[in-house]
Amino acid sequence: MPVNLPEPNEVPDDAAPATSTRRVSTTPPYRRLRVFAFDPLLSNQLETLAINQITLQVPWEDGLRPGPIGEYVEVVDYDPEIDNCHEPVDLNHPHLLATDGLPPSEGNMKFHQQMVYAVSMTTIRHFEQALGRRALWAPRRFVSSSSGENEFVARLRIYPHALRREANAYYSPEKKSLLFGYFPASTAAPGRNLPGGTIFTCLSHDVIAHETTHALLDGMHQRFVEPNNPDVLAFHEAFADIVALFQHFSFPEVLRHQIARTKGDLTDQNLLGQLALQFGEAVGMRGALRDALGSVNPKTQLWEFARPDPAAIRNTTEPHARGAILVAAVFDAFISIYKSRSTDLLRLATGGTGVLSAGELHPDLVNRLAAEAVKSAHQILTMCIRALDYCPPVDITFGEYLRALITADTELIHDDDLGYRIAVTEAFRRRGLYPLGVQSLAADSLVWQSVEDISSGEVCRSLRGRDSKALLEKLNRWNLSASRKQVFEDAHAMQVFLHAQYRRVRDSTNVRLFEQATGLALTDDAPWSIRRSKQDGMPSFEVHAVRPARRVGPDGQLTQRLIVEITQKRSAFDDPQRQEKADRGEFADSQLDKADFVFRGGSTLIYDLETAQLLYCIRKNVRSEERLRLQREFLSQPDSESERAAFFSSAGCAEPFALLHHNRFQVDSTKAAEGTNQTT
């Protein structure tokens, strides 16, 4: 639920930059910090005690302040229980530098601060390495201002103990913060937890990575929090789970332990495929909060592998449950790739039979299987993150994400010798996740249509000229050592420039072709439910985002792209007759302001940064009556009422993830301590 939090002492955005662009030889590349590999529960079990403490290599920040407060995140440990802030940890203290930080502890609040900092920074690093650029948080947008300016957000605030007696943790788009709760474990079915004992969500590696991913995804796609079809919110939840899951494979000790325990069969129940084990048991679930491989049968109380069901997607609407289908597909693709890469090892180990002998695996075989699992998991996670640049700007579906995955990977790696793209496509097919508008599931059919195949390709093919060249050169410096505030300002300058350029196209004789390419409605016959510009009376649109993408292929070739998102919004009504009146211009602006929901269209344009040629137009037509009908039907369903209140109502909730996570479970007094809200 929304929480009012005191503002911490402000630190100027330009004060003591945490990452210097000049690296001296005495500066260490990393800061080593100890954390729980999963959560405190596994440190209380003899079998997993040895693997539950790991040391993360966090990128070194010269200007790190007590809190910790760095360049990307600011930990503010306000606790409503004491109505004050806990003393902040100073990770630059010589004792902590010498001992890899504080030892994992449930009772030491300074360790809680250390853990949320270390895990969030590790998650950020995975995104930056995959995308080849610095990460930016979603800006603060002043919607009431005439210019609609955005404000740079330097740091994501993290509150480790913000939610008292709430089994919840969520990302707040309004506060640009992560808020974690703590709560008493169930007294009736606590699992392996102490009945009524305190569970801290900020000590779950999975929960921290999950919530940080929500913030990173929102920084790239701010429209992906608008539930205009069943897949949108499910995608947000699924993607956050995917990142948290595959970060498990960056823990060598854990990976070797689980491969040895399962004898290399990662389809068996294992910690690598589970999320938030302590949380799940604490609220009476008899297992992890979510499991990519299976679940505990409530009748037999035994874990069972979940067989793919292509019909499940048609009957599942709750965002977490629907998102779990996408997570299972991606994890299934990883398992297929891992098996393919390790087949020769098992053949050698078994003399060609493929059947392992009784007893434990040889340590050398465990190490080699672990190495193949690491490579497979890293490649899948990188594919998933890179695909975000190839998604439509609004109204994403699971099928479109599949096309984004295949397109982004094809652009970088032309020959799929190891069958990664086939494995991904097969995993989606087994769960009924199909894209619309394709002739087959062959890789060349799934790749987004190039502009050479679009009659309007000539309209937006080039991004040339002296002014655009200067701006492109600035964006070309958006790399892993660039100033985040500077690239934010450069990107905004490019947005302004492109908006003016596209307006000139709108005034040309090629405007119809431009509309066809981008999915926008820009001419006089555009629906009047699309607001008109006060400058020229024509339909308004926005250049929503501009960002570069850099990738190095296996052949060492550098691929550079410019991602441009253009969007347009249309006031939409539940009653089709009212919609027709609005589209004909019979409603005043004040009536359009009271629309039942917002309908958006637009396009993701992908340019080659080196040649300024337009490669792809990934569009959603704002004139599409079919899309409008489907969104209206989706929002009219009873399960969507709370989502509409959170996202589209003028008086709606300003904390969509708080609402989304709060509605995940209903309170059950037989499974949780009385007075505790069960949420995820």
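Right above here is the structure, for reference.
The rules behind the values
- Residues numbered from 1 in each chain as written.
- Predicted model: local features only at pLDDT ≥ 70, side-chain atom pairs only at ≥ 80, totals over all residues.
- Heavy atoms only, no water.
- Helix = DSSP H or I, 4+ residues; strand = E, 2+ residues; numbered from the N terminus.
- Buried < 20%, exposed > 50% of the residue type's maximum accessible area, 1.4 Å probe, protein only.
- Contact = heavy atoms within 4.5 Å.
- Areas by Shrake-Rupley, 256 points an atom, 1.4 Å probe, with all protein chains shown as cover.
- Pairing = 2+ DSSP bridges.
- Axes fitted to C-alpha atoms, helices over the stretch in contact; angles between N-to-C directions.
- Left-handed = near helix turned anticlockwise from the far one by under 90°.
- Nonpolar A, V, L, I, M, F, W, Y, C, P; charged D, E, K, R; others polar.
- Phe/Tyr/Trp six-rings, centres within 6.5 Å; stacked < 30°, edge-to-face > 60°.
- Core = buried A, V, L, I, M, F, W, Y, C linked by side-chain atoms within 4.5 Å.
- Expected span 1.5 Å × (residues − 1).

## What to know about the overall build of the protein chain
Helix and strand counts for the protein chain stand at 19 helices and 21 strands. Expressed as a percentage of its 680 residues, the buried residues of the protein chain come to 58%. Sequence separation of 24 or more characterises 69% of the internal contacts of the protein chain that already satisfy a separation of 6 or more. Surface accessibility of the protein chain: about 28400 Å² in total, with carbon and sulfur atoms responsible for 50%.

## Describing the sheet that holds strand 20 (residues 614–620)
What links the strands of a sheet is backbone hydrogen bonding, and the strands pair in either a parallel or an antiparallel sense. Strand order in this open sheet of four strands is 17-18-19-20, and the pairing throughout is antiparallel. At either margin of the open sheet sits one strand with a lone partner, and together these are strand 17 (542–552) and strand 20. Between one strand axis and the next, the sheet turns by 15° as a mean value, whatever way the strands run. As defined by bridge partners, strand 19 (residues 597–608) adjoins strand 20 across six bridges and the pair is classed as antiparallel. The residue of strand 20 that forms the bridge with Leu 605 is Cys 617. Helix-sheet contacts for helix 17 (residues 625–636) involve strand 18 (558–572), strand 19 and strand 20, and the interaxial angle to strand 19 is about 130°.

## Some remarks on the packing of helix 5 (residues 252–262) against helix 8 (residues 363–386)
Where helix 5 meets helix 8, the axes come as close as 9 Å, and the angle between the chain directions of the two elements is 115°. By crossing handedness, the relation of helix 5 to helix 8 is classed as right-handed. Of the residues in helix 8, those in contact with Leu 255, Arg 256, Ile 259 and Ala 260 of helix 5 are Val 366, Asn 367, Leu 369, Ala 370, Ala 373 and Val 374. Class assignment for the residues of the contact of helix 5 with helix 8 results in eight nonpolar, one polar and one charged.

## Observations concerning the packing of aromatic side chains
According to the stated counting rule, one finds 19 aromatic pairs in the structure shown. Geometrically, the ring pair formed by Phe 152 and Phe 488 is tilted, given 5.4 Å between the ring centres and 50° between the ring planes. Of the two residues, Phe 152 is situated in the loop between strand 7 (150–151) and strand 8 (156–164) and Phe 488 in helix 13 (residues 484–506); the sequence distance between them amounts to 336 residues. Note on Phe 488: relative accessible area 16%, which makes it buried. A centroid spacing of 4.8 Å and a plane angle of 65° characterise the contact between Phe 235 and Tyr 401, whose relative ring orientation is edge-to-face.

## A closer look at the nonpolar core
Phe 235, Phe 239, Phe 246, Phe 249, Phe 334, Tyr 401 and Phe 428 are the most contacted members of the largest nonpolar core, which has 147 residues in total. The residues contacting Phe 246, other than those within four sequence positions of it, are Val 330, Phe 331, Phe 334, Ala 377, Ile 380 and Leu 381. Core analysis: the next-biggest nonpolar cluster, separate from the first, contains 33 residues, Phe 152, Val 451, Phe 497 and Leu 498 among them.

## As for helix 9 (residues 398–412)
Its 15 residues give helix 9 an end-to-end C-alpha distance of 22 Å, which sits within 8% of 21 Å, the value for a rise of 1.5 Å per residue. Burial analysis of helix 9 places 14 of its 15 residues in the buried class, the great majority of the element.

## Some thoughts on the pairing of strand 18
Among the 15 residues in strand 18, 13 count as buried, and that is most of the element. Two successive antiparallel strands, strand 17 and strand 18, enclose a turn made up of five residues, where Gly 556 displays a positive phi of approximately 85°. Two strands pair when backbone bridges link them, and strand 18 and strand 19 are joined in this way by 12 bridges, in the antiparallel orientation. Across the sheet, Arg 561 pairs through a bridge with Asp 608, a residue of strand 19.

## Some thoughts on the pairing of strand 8
Extensive coverage of strand 8 is indicated by the burial of eight of its nine residues. In this sheet, strand 11 (residues 177–184) lies alongside strand 8 in parallel orientation, the contact comprising five bridges. By the bridge assignment, Arg 157 is partnered in strand 11 with Ser 177.

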